Amino acid sequence: MNTGRKVPFFDYSRLYLDNKAEMQEVLEDVGKRGAYIMQRDLVEFENKLAEYTGSKFAIGVGNATDGLELCWLAIGLKKGDEVIISSHTMLATASAIITAGGTPVPVDIGEDGLIDVDVVESSINSNTVGISPTHLNGRTCNMEKIMKIAHDKGLVVIEDAAQALGSKFKGKSAGTFGDAASFSFYPAKVLGSLGDGGGVITNRSDIYEKVFQLHDHGRDPQGEVKSWGRNSRLDNLQAAVLNSNFQKYNLVIKRRREIANIYNIELQQLEELTLPPGPVEDDNSFDVYQNYEIQANNRDQLRQELSDKGVGTIIQWGGKGVHQWPALGFSMKLPKTERFFERCLMLPINMFVSDEDVYYVCDTIKKFYRST
Ligand SMILES: Cc1ncc(COP(=O)(O)O)c(C=O)c1O
């Protein structure tokens, strides 16, 4: 029986409707000042981003994909240079390396769905120049191990932190371990704007200067042209939206962790499922739960049942790892990633999901397995 309850995976209209007064104030303020490109809202946001993550520099960019590419361009990636990535990531991690002139090398995942650190080490060859770990679903990779490998082998590390603002490993923020990192502020991200947006952070002044120039037509902050560049600026209006949303960011993270905790408690007894690590399970990790991704037996039937009962779910990225898209020309087999994509399913987790919604989703899942 359908109770009539609807739990959409993510309700984009509520980003505006639930914050209408604040959003209208932002628009009015920016509009009245005519402050659309590179104005004080952007500077304020960049300062906040640097302060929040504990990094020296932050630059607002058009989106996280551009941010990653600009980082690789800034470190001078060349044809033939290989960068190790997880195949369990968005295509952007790989395409940023391609468009910067290098070659992404996807590797398999570990038990936690993140890049398998042991495989990283054994995949290094004389062409390897870097590692680009993805802090997937709001969980930071084991950066202690990754940075040790990088230091030992002299590799650059550009963190794909698109999903991980606020996430920490051993108390240190995602994005601050390697040479630079890129965040996404796509609307459904934990910190979302009302459009596209991204941010690069780094402690290296040379990377900061280069990314700054590249993202604004080759100009330095004083407007002096130093090189060729392009336009990938974070829109000032989006920066103002982000400043507003940043004020309640810690509450948003707290709420996502609460929801994850309910899912973990309610679903833990189901042996048909593999759950992500819970929020209080591991002292080393502070996860922001960009996504709550389970692995499920009979995944497609479960998804259909949830849909029939009004619950929206997502199978991320078309249900394939980066290396599984024939058009991209990879030939490797990565069994753990492939198995993961056969079973993975994302459940609703965001500010618009109530406790009752979460219990409803869990009950629906429990009933499904009881009846199969
Ligand atoms: C892991 C990961 N990397 C990169 C990106 C690209 O971010 P953007 O859409 O801001 O370019 C995303 C966006 O979903 C992502 O999830």
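Below or above, wherever it landed, is the structure these notes cover. Residue positions are given per chain, counting from 1 as you read along its sequence in written order. Totals for whole chains, interfaces and linings use all residues, but because this is a predicted model, local features are given only for residues with pLDDT of at least 70 and pairs of side-chain atoms are given and counted only at 80 or more. Side-chain numbers here rest on the full set of heavy atoms in the structure, without hydrogens or water.

### Looking at the sheet that holds strand E6 (residues 168–169)
Either a parallel or an antiparallel arrangement is found when strands of a sheet pair, and the pairing is made through backbone hydrogen bonds.
Then, number 1: A sheet is described by the order of its strands in space; here 3 strands give the open sequence E7-E6-E11, paired in antiparallel fashion. Where the open sheet ends on each side, the last strands, each with one partner, are strand E7 (172–173) and strand E11 (285–286).
Then, number 2: At least two DSSP bridges between two strands are needed for those strands to be called paired. Helix numbers and strand numbers start at the N terminus; a helix is a DSSP run of H or I with at least 4 residues, a strand a run of E with at least 2. Alignment of E6 against E7, held across 2 bridges, turns out to be antiparallel. Paired with Lys168 across the bridge in E7 is Ser173.

### Here we look at the side chain of Asp287
Then, number 1: With respect to the helices and strands, Asp287 occurs in the loop between E11 and strand E12 (292–296).
Then, number 2: Distance and chemistry together define a polar contact, namely a pair of N or O atoms within 3.5 Å, with one atom able to donate a hydrogen and the other to accept it when in protein, and with adjacent residues in sequence counting only for side-chain atoms on both sides. Within the structure, Asp287 has its side chain in polar contact with the side chain of Arg139 (distance 2.9 Å).
Then, number 3: Should any heavy atoms of two residues lie within 4.5 Å, those residues are counted as being in contact. With near-sequence residues (within four places) excluded, Asp287 lies in contact with Gly138, Arg139, Ser167, Arg257 and Pro277.

### With respect to the packing of helix H2 (residues 20–33) against helix H9 (residues 236–246)
Then, number 1: To define axes, lines are fitted to C-alpha atoms, for helices over the stretch in contact only, and angles between the resulting N-to-C directions are given on a 0 to 180 degree scale. Here H2 crosses H9 at 140°, and the two axes come no closer than 10 Å. For the element pair H2 / H9, the angle class is oblique. Helix-helix and strand crossings are classified by hand; for H2 and H9 the assignment is right-handed. Between H2 and H9, the contacting residues are Glu22, Met23, Val26, Leu27 and Val30 on the first element and Asn236, Leu237, Ala240, Val241, Ser244 and Asn245 on the second.
Then, number 2: Nonpolar residues are Ala, Val, Leu, Ile, Met, Phe, Trp, Tyr, Cys and Pro. Charged residues are Asp, Glu, Lys and Arg, and all others, Gly as well, are polar. Looking at the contact of H2 with H9 residue by residue, the classes come out as 7 nonpolar, 3 polar and 1 charged. In these notes the angle categories are as follows: under 35 degrees is roughly parallel, over 145 is roughly antiparallel, 65 to 115 is roughly perpendicular, and the rest is oblique. The crossing is said to be left-handed when, going from far helix to near helix, the turn is anticlockwise and less than a right angle, and right-handed when the turn is clockwise.

### Considerations on the packing of helix H3 (residues 40–53) against H9
Then, number 1: It is at 8 Å that the axes of H3 and H9 come closest, and there the two elements cross at 45°. In terms of orientation, H3 lies oblique with respect to H9. Handedness of the crossing formed by H3 with H9: left-handed. Seen from H3, the contacting residues are Arg40, Asp41, Leu42, Glu44, Phe45, Lys48, Leu49 and Tyr52; seen from H9, they are Asn236, Ala239, Ala240, Leu242, Asn243 and Phe246.

### With respect to the site of the ligand
Then, number 1: Being near a molecule or strand, for a residue, comes down to having at least one heavy atom within 4 Å of it. Close to the ligand lie 14 residues, the nearest being Ala64, Thr65, Asp160, Ser184 and Lys189.
Then, number 2: In this structure, an oxygen atom belonging to the ligand sits 3.4 Å away from a side-chain N or O atom of Asn63.
Then, number 3: Taking Gln163, its side chain carries an N or O atom lying 2.9 Å from an oxygen atom of the ligand.
Then, number 4: The residue inventory of the shell around the ligand, partitioned by class, reads 5 nonpolar, 7 polar and 2 charged.

### Some details on the nonpolar core
Then, number 1: The term nonpolar core refers to a set of buried residues drawn from Ala, Val, Leu, Ile, Met, Phe, Trp, Tyr and Cys, joined through side-chain atoms within 4.5 Å. Exposed residues in this analysis have more than 50% of their type's maximum accessible area, buried residues have under 20%, and partly exposed residues fall in between, with area computed by a 1.4 Å probe over protein chains only. Counting residues in each nonpolar core, the largest one holds 31 residues, and the members touching the most others are Tyr263, Leu302, Leu347 and Ile365.
Then, number 2: Secondary-structure elements contributing two or more residues to this core are helix H10 (249–267), E12, helix H11 (299–308), helix H12 (335–343), strand E13 (344–347) and helix H13 (355–371).
Then, number 3: At 7 residues, H13 tops the list of elements feeding residues into this core.
Then, number 4: Setting aside residues no more than four positions away along its own chain, Leu302 makes contact with Ile294, Ala296, Leu345, Ile365, Phe368 and Tyr369.
Then, number 5: The next biggest cluster of nonpolar side chains, apart from the first, holds 24 residues, and it includes Val61, Leu68, Val200 and Phe212.

### Structural notes on the side chain of His135
Then, number 1: Along the polypeptide, His135 turns up in the loop between strand E4 (128–132) and helix H7 (143–153).
Then, number 2: Accessibility expressed as a relative area gives 0% for His135, which makes it buried.
Then, number 3: Within polar-contact distance, the side chain of His135 engages the side chain of Glu159 at 2.7 Å.
Then, number 4: Apart from residues no more than four positions distant in its own chain, His135 is found in contact with Thr140, Cys141, Met143, Glu159, Asp160, Ala161, Gln163, Ala164, Ala174 and Gly175.

### Overview of the pattern of salt bridges
Then, number 1: Salt bridge, as applied in this entry: a Lys or Arg side-chain nitrogen positioned within 4 Å of an Asp or Glu carboxyl oxygen. Evaluated as defined, the whole model comprises 27 salt bridges.
Then, number 2: Here Asp206 makes a salt bridge to Arg204, at a shortest N to O gap of 2.7 Å.
Then, number 3: Its relative accessible area of 29% is what places Arg204 among the partly exposed residues.
Then, number 4: For the salt bridge of Lys254 with Glu258, the shortest nitrogen-to-oxygen distance reads 3.5 Å.

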